[in-house]
Amino acid sequence: MSAAMDTESTYSGYSHYSGHSKKAHRQGRDRHKSPRSKDGSRSEKSVTIQTPPAEPLLGNDASRAEEGQDDNWGETTTAITGTSEHSISQEDIARISKDLEDSVGLDCKRYLGLTVAAVLGLLVFLTPIAFILLPQILWRDDLEPCGTVCEGLFISVAFKLLILLIGTWALFFRQPKADLPRVFVFRALLLVLIFLFVFSYWLFYGVRILDSKDTNYQGIVQYAVSLVDALLFIHYLAIVLLELRQLQPMFTVKVVRSTDGESRYYSLGHLSIQRAALVVLENYYRDFTVYNPALLTASKSRAAKHMAGLKVYNVDGPGNNASGQSRAMIAAAARRRDSSHNELYYEEADHERRVRKRRARLVVAVEEAFTHIKRLQAEEQQKAPGETMDPREAAQAIFPSMARALQKYLRTTRQQQYHSMESILQHLSFCITNNMTPKAFLERYLNPGPTLQYDRDRWFSKQWTLVSEEAVTSGLQDGIVFVLKCLDFSLVVNVKKIPFIKLSEEFIDPKSHKFVLRLQSETSV
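Residues numbered from 1 in each chain as written. Predicted model: local features only at pLDDT ≥ 70, side-chain atom pairs only at ≥ 80, totals over all residues. Heavy atoms only, no water.

(A) Layout of the state of the cysteines. One pass over the structure, following the stated rule, counts one disulfide. Across the disulfide, Cys 146 is cross-linked to Cys 150 (sulfur-sulfur distance 2.0 Å). Where Cys 146 bonds to Cys 150 through sulfur, the torsion about that S-S bond is close to -115°, and the disulfide is left-handed. Cys 146 sits in the partly exposed class, given a relative accessible area of 24%. (Disulfide = S-S within 2.5 Å. Buried < 20%, exposed > 50% of the residue type's maximum accessible area, 1.4 Å probe, protein only.)

(B) Summary view of the packing of aromatic side chains. Scanning the entire structure with this criterion turns up 21 aromatic pairs. Between the aromatic rings of Phe 154 and Tyr 217, the centroid separation amounts to 6.3 Å while the plane-to-plane angle is 65°, which identifies the pairing as edge-to-face. Separated by 63 residues along the polypeptide, Phe 154 in helix α5 (residues 148-171) and Tyr 217 in helix α7 (residues 217-244) bring together distant segments of the chain. Each member of the aromatic cluster is reached from another via a ring pair, and the members are Phe 131, Phe 197, Tyr 201, Trp 202, Phe 204, Tyr 205 and Tyr 223. Positioned over the ring face of Phe 489 is Arg 257, at 5.9 Å from the centre of the ring. In this structure, Arg 264 is placed above the aromatic ring of Phe 288, and the distance from its NZ or CZ to the ring centre is 5.2 Å. (Phe/Tyr/Trp six-rings, centres within 6.5 Å; stacked < 30°, edge-to-face > 60°. Helix = DSSP H or I, 4+ residues; strand = E, 2+ residues; numbered from the N terminus. Lys NZ or Arg CZ within 6 Å of the ring centre and 35° of its normal.)

(C) Geometry of helix α12 (residues 421-433). For α12, built from 13 residues, the straight-helix expectation of 18 Å at 1.5 Å per residue is met to within 8% by its first-to-last C-alpha distance of 18 Å. When we look at burial in α12, the residues that qualify are Met 421, Ser 423, Ile 424, Leu 425, His 427, Leu 428, Ser 429, Cys 431 and Ile 432. Where α12 ends, the next residue or the one after it, Asn 435, has phi of about 55°, a positive value. (Expected span 1.5 Å × (residues − 1).)

(D) How the structure looks around the side chain of Thr 127. Note on placement: Thr 127 falls in helix α4 (residues 108-138). A relative accessible area of 1% means that Thr 127 is categorised as buried. For Thr 127, the side chain forms a polar contact with the main-chain oxygen of Leu 123, separated by 2.6 Å. Residues contacting Thr 127, with those up to four places away along its chain left out, are Val 198, Trp 202 and Leu 227. (Polar contact = N/O pair within 3.5 Å; in protein donor to acceptor, adjacent residues only side chain to side chain. Contact = heavy atoms within 4.5 Å.)

Set out below in structure tokens:
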């Protein structure tokens, strides 16, 4: 409510002015109305927001004018906002991202691939069993008796099928991590190879065994065993192509985030571009600090303030002295450019000073709160078992003592949109349950962590688009550059091949570095 009261007091102060003051007031009010839409029908609105427990601590505004607002969670907050035809908020961004995810469809491509693989796998496992059972069903009376060797082959087929089933489950039937734009070439080739292989065996079985009704049952069982052996070798080939081939590092990729320039280096093996992009994204969520668009507004605000400071007054009327105005603006811009580095230096120094100050207050407040927890634990040991507090109640009891300092620090460092009151309470109760120190509790808030540390609702990167001049199914090569785009930023990936290293050996004779110390008995004295 303080921001609204300050605004009202500012407007009421204008009524004491007269004559020229009223004219200046109207000019200032016109300048204040300038950011609004062109139609002029919209006006500023006073919006009352009731902060729910699951919402962020504050809105996205981190200006100094907001520091006078109430810093307590769960209370009514009043903000003065303006409307625009092209305005967009973080809630809109999150909703757009969600709509993009929902518009992908029913994932028909992924389910189609899984269905084809499942049907082909079922056909592979049923084929050896069918080879053994069909002669017993169709011409059982004409078959030769199965001896000891034939019965031993039954056990061999059973255990080989079991091993093949476990290996196939471990290699192929895994939860997919992402939806790739194109099919995995090696996986598709293996599926085609298995289909042709099984089809060839069925064709030979139909022509040479079913049509002629072969009575040599031991030979039929040995034919089924050869099929299972060949399937096991294909499974080994799949392990080499899908898992082992990419383990040896062959390329080094540099990943740069386009907004703030944060970069990382990774080593990759023989991968296609789309699978390399998937590896880069997996490492991005783990290694890169969370994307915070509020940190990028400082430079924009300085540029806007720089342009707002340039004012040219035309006393001769419109259309006159245009060249003089241009020269005046260029000269003023040059003078301001000469002093802009000083402004940047003092702004950064003042910001660092405020961060250190509020960090110190936060550390002291948290340490006092955890000291209070120890006193509560000592008192609870003397109480009856039914009267002790659980970690959630203890967290709610000590949270108000640190809430103001924590909120001010998060606002100063512009992390308030990533931490809700509910998430802080959960983290605090987790630290109390595991008997963690105040430093362990503050680690999440003092140092911005990776994206995986935060809730998915706070992410600004869920839907990615791969942009590459080369086909995404082609392998990595030296000098390839591809881009991973999301709604707010992009990751630029530059691929460099690891150079060929030639090592030579130089032999050192052990006797070459030996020496003899000769002492002279005579001295110079």
